[in-house]
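# Fold and contact review
Chain by chain, the residues:
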Amino acid sequence: MATAKSTSSKGASKSPSTDLLKLYRDMLLIRRFEEKAGQLYGMGLIGGFCHLYIGQEAVVVGLTAATRPGDSFITSYRDHGHMLAAGMDPKGVMAELTGRVGGYSKGKGGSMHMFSREKGFFGGHGIVAAQVPLGTGLAFGHKYREDQGVCLCFLGDGAVNQGQVYESFNMAALWKLPVIYVIENNRYGMGTSVERASASSTELHRRGDAYGIPGIAVDGMNVLEVEKAGRKWIAHAREGKGPVVLEMKTYRYRGHSMSDPAKYRTKEEVSKVRAEHDPIDTLAKLILDGKAASEDQLKEIDREVKEICTNASDFAQASPLPEAKELFTDILVGI
Amino acid sequence: MPIQILMPALSPTMTEGKLARWLKAEGDKIKSGDVLAEIETDKATMEMEAADDGILGRILVQGGSEGVKVNTPIGLILAEGEDKSALEAVAAPVAAKAPAEPVPVPVPVPAVVSPAPAAPQPQQKAYTGPTKRQTVREALRDAMAEEMRCDPNVFLMGEEVGQYQGAYKVSQGLLDEFGPKRVIDTPITEMGFAGLGVGAAFGGLRPIVEFMTFNFSMQAIDQIVNSASKTLYMSGGQQTCPIVFRGPNGAASRVAAQHSQCYASWYAHCPGMKVVAPWSGMDAKGLLKSAIRDPNPVIFLENEMMYGQSFDVPEDADFTLPIGLARIERAGGDVTITAFSRMVGVALEAAEALAKEGIEAEVINLLSLRPLDSAAIIESVKKTNRLVTVEEGWPFAGIGAEIAALVMDQAFDWLDAPVNRVTGEDVPMPYAANLEKLALPDVPKIVAAAKAVCYRGQK
Ligand SMILES: Cc1ncc(C[n+]2csc(CCOP(=O)(O)OP(=O)(O)O)c2C)c(N)n1
Ligand SMILES: [Mg+2]
């Protein structure tokens, strides 16, 4: 059984092709975008459920940096970060959050349901773990078409207890499908801590053991660790060696969704992670210490990213509501 | 310009709340993400975080204030280096603009909920080309084989479809012709392979997913309804899902409750997919080919008892039956009988029995349940003024109930009698031979129902 040990050492040696400033920018874009979304939610412009990704940015940014065009992505409802990392337009994402016609789904999907065939992003799924068989199917398609693509299929620490995850693991291992199951272990599924939900909760990466799937735990708060693991194991899947489980040890700062008062954990717990493990601060320090960029350069990135988010927010407020006739479109192709 | 801090909405339903207390004082430096204040909603006390960096310049609404409306400015933030005097310059609150409402246009009425009054519509065209005598089983196999020859993206997956040649031998010979890449034996893992199929369809393939029987599709119904049928809509028309879910549906023989059930009304209930149910060999072949070519999810309901029955089946590889049209199997002017799948044959037998008693029944083979060929039903009812619906499924919220509502809506004035439904009895299917027979529609039940709507008493 190929269960590798945790690679949690800090400040991993960066691979030669790693573009630190790009990683920094991509994480910051997600952070600022989500803050803006939280703000718009507070103004009543975004409705319903809205699950922010703040705290987990390193996971999707590090892994996406290790992919190549033609790979596919699929995740749950906590999906804004994945869409931005996949290269989707922040304006279209934000306008979907406000339910406007300029959104990726013309306002009919909302926060949890967006897609971009062009960027290989296949949603955005509101049913916990439903994306796992779907992602397995995307991987099946890569193999069937022999297009060398790999599917990155993200799921939560809560989702790992759904039966369909294991149905998927079995088929993926049986047929050696090119899929990376990324368990984003942010320690909570809504208000239930991973210890209260999962047997052997410290070893979710071993959930594929019975199927012979390699499982690796990664420090998901360190984008360089994530990217390194991504490069190694995505290549493994691309070479036809079958699926991989990557457990990303991460943390969400905000509530499960906007209306979560978060009584199941202490403020100290949150502030400690923020102070000691924030993925963006950690990388900023690394950049400054290594003199890869100056403080001013980082400030400039922040300014640029803020402007993108402000523009996205302006667009999302200016875009009109969908017309009433949209109620009856897109139910069936050709109707 | 100082930045306004607005009273936030902290739940999907909040319109106002209590600003319980400020955690920062005027003059404090704040960083985006800092907790500024505590807000009490109807449900909980929540923290409000700063979205901008700067200095808390002024508190506009004091801690402890009740009933603060969402979007009221409650404080002002000065940007780095901004002077306090800027505070005075703040004009009236700029609350969020209401979104531009599009100009109201009349909402088109969707076809399924309340179809437009029936205009004469094409029926399924009669086929006049060459045919061969085949079982329904062979017709289904040929439909799949022909489509797989034309389109390399079509593949078949399911339990025992390959080496075993199909649990009911429907996929006989396909593994030999197309190999294991395209005829895939799955583990017993319905939710898994249904979801995998949907994902493959998202990615551009055209899966045919066989359920050994539709009873087992209950394991997978979340993937069928939530993933396959809703994604086109939720993606604003971007993400298609061309997939066929097929297998035997309805009562088999002596297999009791868990293996004998009709899922027609379950799936036909859902927008975003098509539901078809062939009766004859021609139906099976023509509809399955259309289903495989369709860009939408299609539920294809077969019937085990029909697999071995032989019919004249079109040989032409281009022959298909359009989905959404019914066929009049037998014309008659006294009463309309709708049926689908195996019940078409039973209804035809009943029509012969009725004819001996001087009642000419018009038997409509529905073929497609969603979309339902409402025009064909309405047109027939306007001629016969009487309607009997037949189905194996349960009566409650069944296909017959839907058709009764349709006829009320569009042909009420033409009805000379209330619609009569012949359905499976409202019980789980019993095992005992006599009870099983009692639970299902049969010729005498249909004859009695037809006579009742014709106000002809039983002899
Ligand atoms: C099948 C299903 N059950 C329950 C829910 C309600 N629900 C939404 S998110 C969630 C918690 C999931 O936690 P996790 O998988 O850890 O993901 P995270 O929210 O932490 O990203 C629950 C129970 C759902 N959407 N789908
Ligand atoms: Mg979680």
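Everything below is about the structure printed above this text.
Just so it is clear, the structure is predicted and the values come from calculations on it, not from any experiment.

## Structural notes on the packing of helix α4 (residues 90–97) of chain A against helix α11 (residues 295–318) of chain A
All names here are of chain A. The contact between α4 and α11 brings their axes to 8 Å, and the two run at 45°. In terms of orientation, α4 and α11 fall into the oblique class. Seen along the crossing, α4 lies across α11 with a hand that is right-handed. On α11, the residues that touch Pro 90, Lys 91, Met 94 and Ala 95 of α4 are Ile 308, Asn 311, Ala 312, Ser 313, Phe 315 and Ala 316. Here the residues of the contact of α4 with α11 sort into seven nonpolar, two polar and one charged.

## Here we look at the site of ligand 1
Residue and element names in this part refer to chain A. The local shell around ligand 1 holds 15 residues, among which Tyr 77, Arg 78, Gly 158, Ala 159 and Asn 186 are the closest. Arg 78 is positioned such that a nitrogen or oxygen atom in its side chain is 2.8 Å from an oxygen atom of ligand 1. A distance of 2.9 Å separates a nitrogen atom of ligand 1 from a polar backbone atom of Gly 126. Within the complex, the protein chains bury 70% of what would otherwise be the 590 Å² of accessible surface of ligand 1.

## So, the packing of aromatic side chains
Aromatic ring pairs are described here by two measures, namely the spacing of the ring centres and the angle between the planes. Residues and elements named next belong to chain A. The tally for this structure, following the rule as stated, stands at 16 aromatic pairs over all chains. Between Tyr 166 and Phe 169 the ring centres are 5.3 Å apart and the planes differ by 75°, which places this aromatic pair in the edge-to-face class. Taken together, the residues span about one helical turn, with Tyr 166 and Phe 169 both in helix α6 (residues 163–174) at a distance of three residues. The same class applies to Tyr 166 as to Phe 169, namely buried.

## Brief notes about the interface of chain B and chain A
On the chain A side, the residues contacting the 75 residues of chain B number 63 residues. When the two sides are added together, the surface that chain B and chain A hide from each other amounts to roughly 5,600 Å², 62% of it contributed by carbon and sulfur. Contact with chain A buries surface across chain B, with Leu196(B), Tyr233(B) and Met234(B) losing the most and accounting together for 12% of the total. Here chain B is connected to chain A by three salt bridges. Here chain B is connected to chain A by 22 residue pairs in polar contact (both at pLDDT 80 or more). Of all elements in the fold, only β5 (45–49), β10 (154–158), β11 (183–185), α3 (190–202), α4 (221–229) and α5 (231–234) of chain B reach the threshold of two or more residues within the side of chain B that touches chain A. When residues of the side of chain B that touches chain A are assigned to their parent elements, the largest contribution, 10 residues, is made by α3(B). Residues that form the side of chain B that touches chain A fall into these classes: 37 nonpolar, 25 polar and 13 charged.

## Looking at unusual backbone geometry
Looking along the chain, the bond that leaves Arg370(B) and enters Pro371(B) is cis, with omega of -5°. Summarising the element assignment, Pro371(B) is placed in the loop between β20 (368–370) and α9 (374–384). In this structure, Ala129(A) is a non-glycine residue whose phi angle is positive, near 85°. Examined against the element boundaries, Ala129(A) turns out to sit in the loop between α4 and α5 (131–145). Since its relative accessible area comes to 1%, Ala129(A) is described here as buried. Of note, Glu160(B) is a non-glycine position whose phi angle comes to about 65°, a positive value. Within the secondary structure, Glu160(B) sits in the loop between β10 and α2 (174–178). Assessed through its relative accessible area of 36%, Glu160(B) is described here as partly exposed.

Definitions and cut-offs
Residues numbered from 1 in each chain as written. Chains lettered and ligands numbered in written order. Predicted model: local features only at pLDDT ≥ 70, side-chain atom pairs only at ≥ 80, totals over all residues. Heavy atoms only, no water. Axes fitted to C-alpha atoms, helices over the stretch in contact; angles between N-to-C directions. Helix = DSSP H or I, 4+ residues; strand = E, 2+ residues; numbered from the N terminus. Parallel < 35°, antiparallel > 145°, perpendicular 65-115°, else oblique. Left-handed = near helix turned anticlockwise from the far one by under 90°. Contact = heavy atoms within 4.5 Å. Nonpolar A, V, L, I, M, F, W, Y, C, P; charged D, E, K, R; others polar. Near = heavy atom within 4 Å. Polar contact = N/O pair within 3.5 Å; in protein donor to acceptor, adjacent residues only side chain to side chain. Areas by Shrake-Rupley, 256 points an atom, 1.4 Å probe, with all protein chains shown as cover. Phe/Tyr/Trp six-rings, centres within 6.5 Å; stacked < 30°, edge-to-face > 60°. Buried < 20%, exposed > 50% of the residue type's maximum accessible area, 1.4 Å probe, protein only. Buried area = accessible area lost by both parts, 1.4 Å probe. Salt bridge = Lys/Arg side-chain N within 4 Å of Asp/Glu carboxyl O.

Just geometry here; none of it tells us what the structure is for.
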